[in-house]
Amino acid sequence: QVQLVESGGGLVQAGGSLRLSCAASGSIFSINAMGWYRQAPGKQRELVAAITSGGNTNYADSVKGRFTISRANAKNTVYLQMTSLKPEDTAVYYCNAVVATLASSRGNYWGQGTQVTVSS
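These figures come from a predicted structure and were not determined experimentally.

A. Quick look at the overall build of the chain. When you go through the chain residue by residue, the secondary structure sums to zero helices and eleven strands. Across the chain, helices and strands are ordered from the amino to the carboxyl terminus as β-β-β-β-β-β-β-β-β-β-β. Relative to the 2.2 N^0.38 estimate, which gives 14 Å for 120 residues, the radius of gyration of the chain is 14 Å and therefore close to what a compact globule would have. Considered along the principal axes of its C-alpha atoms, the chain spans approximately 45 × 25 × 20 Å.

B. Layout of the environment of A74. On the secondary structure map, A74 appears in the loop between β7 (67-72) and β8 (77-82). Assessed through its relative accessible area of 82%, A74 is described here as exposed.

C. Region of interest: the environment of A14. Mapped onto the elements, A14 comes out in the loop between β2 (10-13) and β3 (18-26). Taking the C-alpha atoms as reference, A14 lies 23 Å from G35; in sequence the two are 21 residues apart. Leaving out residues up to four positions away in the same chain, A14 has contacts with L85, P87, V118, S119 and S120.

D. Representation of the packing of aromatic side chains in the model. What the rule picks out here adds up to one aromatic pair. Ring centres 5.0 Å apart and planes at 65° place the aromatic pair Y37 and W110 in the edge-to-face group. In this pair, Y37 is assigned in strand β4 (residues 28-39) and W110 in strand β10 (residues 106-110), connecting sequence segments 73 residues apart. Note on Y37: relative accessible area 23%, which makes it partly exposed. Here the basic side chain of R45 rests over the ring of Y94, its NZ or CZ set 3.7 Å away from the ring centre. In this arrangement the basic side chain of R45 is found over the ring face of W110, its NZ or CZ atom lying 4.7 Å from the centre.

E. Focus on the pattern of salt bridges. Counted according to the given criterion, the structure contains four salt bridges. One salt bridge connects R38 with D89, and the closest N-O pair in it is separated by 3.0 Å. In this pair, R38 sits in strand β4 while D89 sits in the loop between β8 and β9 (91-101), placing the two residues 51 residues apart along the sequence. Comparing R38 with D89 shows no difference in burial state: the two are buried. Notably, a salt bridge pairs D89 with R66, separated by 2.8 Å at the nearest N-O pair. Of this pair, D89 sits in the loop between β8 and β9 while R66 sits in the loop between β6 (57-59) and β7, and the two are 23 residues apart along the sequence. Taken as a pair, D89 and R66 share a single burial class, namely buried. Residues joined in a network through salt bridges with shared partners are R38, E46, R66 and D89.

F. Spotlight on unusual backbone geometry. One non-glycine residue, N76, adopts positive backbone phi at about 50°. Among the secondary structure elements, N76 is positioned in the loop between β7 and β8.

Rules of the game
Residues numbered from 1 in each chain as written. Predicted model: local features only at pLDDT ≥ 70, side-chain atom pairs only at ≥ 80, totals over all residues. Heavy atoms only, no water. Helix = DSSP H or I, 4+ residues; strand = E, 2+ residues; numbered from the N terminus. Rg over C-alpha atoms; globule rule 2.2 N^0.38 Å. Buried < 20%, exposed > 50% of the residue type's maximum accessible area, 1.4 Å probe, protein only. Contact = heavy atoms within 4.5 Å. Phe/Tyr/Trp six-rings, centres within 6.5 Å; stacked < 30°, edge-to-face > 60°. Lys NZ or Arg CZ within 6 Å of the ring centre and 35° of its normal. Salt bridge = Lys/Arg side-chain N within 4 Å of Asp/Glu carboxyl O.

Set out below in structure tokens:
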């Protein structure tokens, strides 16, 4: 199977920065898109940013210019650099990856989530 392990969440003051990391491991043949989603209390999970294996990126309008997604393909790792954080960025952040496995299957995998809290 495939596991995604996130790290880097925490508590930060408004205007501060955090960097999230997510490493994929397991029966991986290749990883297509990787991304970050977030879910705030009482709200639906939403896409924050995504990146293809070729490096094409997509961002939610609310984070454009503040967040940067990147990936290290050789390490099966995706990063989210978050700057100018706002209280409304407070949420549980989930890593996502579309993976082709060694068993020739394709799946959509999720990490366990990491809490980001921005204080005003």
